[in-house]
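In case you want the letters, here they are:
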Amino acid sequence: QRTYIFTFLLSSRVFIHPHELLAKVGQICIKQKQQLETGTEAEKAKLKSFAAKIIQLLKEWTETFPYDFQDEKSMKELKEIAHRITQCDEENGTVKKIISQMTQNLLMALSARSQYQEIREKFRQPVTEKGTILKTKPQSTQKDILSVCCDPLILAQQLTYIELERVSNIYPEDLMQIVSHMDSLDNHKCRGDVTKTYNLEAYDNWFNCLSMLVATEICRVVKKKQRTRMVEFFIDVARECFNIGNFNSMMAIISGMNLSPVARLKKTWSKVKTAKFDVLEHHMDPSSNFCNYRTALQGAAQRSQTANSNREKIVIPVFNLFIKDIYFLHKIHTNRLPNGQINFKKFWEISRQIHDFLTWKQVECPFEKDKKIQSYLLTAPIYSEEALFIASFESEGPENHMEKDSWKTLR
């Protein structure tokens, strides 16, 4: 069963290194070959059936977890097993063909992954430039998101394109790091291989950058009327993200609007038609373990299963909630049962959730890439927290003693 093999290969790494597991498979192959090849015709037929099962295992393994074969030791072991299996069925060339195709696909997958590792994005650093410096420039020369894209639907589609691109670089073994190598949510590099958690951190970083970009775009607008328009624009973008099934971008936008420098702009918010924003906040209400969001996610997942077009197949969960779910599943249940056996039920549930995520990440983006919009989203300067507060206080002065004190300190 494919689901069984996937669960087994995914969870085995908690207990044994993949290359050690592969070596054990190699030893079984030698034993079986020695036992059966000297025997009767019936035993030789058993050997062929055994070979077919090993091929299925290796095929699933190399396709789903290519990274397990990146070191020479594993590659050498794979070649030796493949050689032994080919000998089990020499008169029929199909085994040789299957193994040759499997090796070719594996090398292509490894090459694609190493290319991605090489072109790792440089994390965008927040601009420490104070709001005041930017305010002295004439308003017309300041480029903002609305001058690049004023259609909320198009911006939501471009955000979805970026999300799907980022998600495609997250692999099941990256997610298993949470179970096998994390002692706490804050300690990403516990005992793990840093390259495996890099993809998770890069995706997490994108969420934070998008939140800060939203806050920057709102706080740096000088005129209240334009600032109100900017807030309403982002509310519409978040709503379009929700309709698409892109919950991660939607949550990042809401988080950006809930940051203190934006939330404190009372005069601006008093002009905003907040009914739409209230609906979004309702969907992302954290009470009862994000019950409303989970219902919406379930709806999107069901739509995705029966969909005919890629447009309807899109499901991008709120990534940090997805990670926390796996983490808590791991924390609540023990790896082993009281009798010492492995708690397979726990790993079956974890692998089911990871399998859903892998199904969603394989959806081909139905939207065309707009280089100009994406370039702005990925490279436009974002303010640091300090610069955000300065811009916010310059737009709407401090209102109470606490704000006055922090404004004084910032100046």
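Residues numbered from 1 in each chain as written. Predicted model: local features only at pLDDT ≥ 70, side-chain atom pairs only at ≥ 80, totals over all residues. Heavy atoms only, no water.

Student: Quick question: what am I supposed to make of the pattern of salt bridges here?
Tutor: Proximity of charged atoms lets side chains of opposite charge pair with each other. Summed over all chains, the structure comprises 13 salt bridges. Across the salt bridge formed by K266 and E399, the nearest N and O atoms sit 3.9 Å from each other. Placement of the pair is K266 in helix α14 (residues 266-271) and E399 in the loop between α21 (385-395) and α22 (401-410), with a sequence separation of 133 residues. The partner of E349 in a salt bridge is R352, and the shortest N-O contact between them spans 2.7 Å. Taken as a pair, E349 and R352 lie in helix α19 (residues 344-361) at a separation of 3 residues, close to a single helical turn. Using a relative accessible area of 27% as the deciding quantity, one classes E349 as partly exposed. Of the residues examined, R352 reaches a relative accessible area of 40% and is grouped as partly exposed. (Salt bridge = Lys/Arg side-chain N within 4 Å of Asp/Glu carboxyl O. Helix = DSSP H or I, 4+ residues; strand = E, 2+ residues; numbered from the N terminus. Buried < 20%, exposed > 50% of the residue type's maximum accessible area, 1.4 Å probe, protein only.)

Student: When you look at the nonpolar core in this model, what are you seeing that I'm missing?
Tutor: Soluble globular proteins tend to pack their nonpolar side chains together in the buried interior. Among the nonpolar cores identified, the biggest contains 117 residues, and L175, F247 and M257 are the most heavily contacted of them. Residue contributions to this core peak at 12 residues, all from helix α10 (residues 194-219). Taken domain by domain, the makeup of this core includes at least three residues from each of domain 1 (1-116) and domain 2 (141-410). Setting aside residues no more than four positions away along its own chain, F247 makes contact with F242, M284, Y293, A296, L297, A300, I316, P317 and V318. (Core = buried A, V, L, I, M, F, W, Y, C linked by side-chain atoms within 4.5 Å. Domains from an automatic or database assignment. Contact = heavy atoms within 4.5 Å.)

Student: Looking at this model, I keep getting lost on helix α11 (residues 224-244). Mind explaining?
Tutor: Note: α-helices contain 3.6 residues per turn, so residues at a spacing of three or four share the same orientation. Along its 21 residues, α11 runs 30 Å from first to last C-alpha, staying within 8% of the 30 Å computed at 1.5 Å per residue. Of the residues one or two after α11, G245 is the one with positive phi, at around 105°. (Expected span 1.5 Å × (residues − 1).)

Student: Which parts of the structure should I look at to understand the side chain of D68?
Tutor: Mapped onto the fold, D68 is located in the loop between α3 (41-64) and α4 (72-87). Taking relative accessible area as the criterion, D68 reaches 7% and is therefore assigned buried. Among the polar contacts made by the side chain of D68, one reaches the side chain of W61 at a distance of 2.9 Å. (Polar contact = N/O pair within 3.5 Å; in protein donor to acceptor, adjacent residues only side chain to side chain.)

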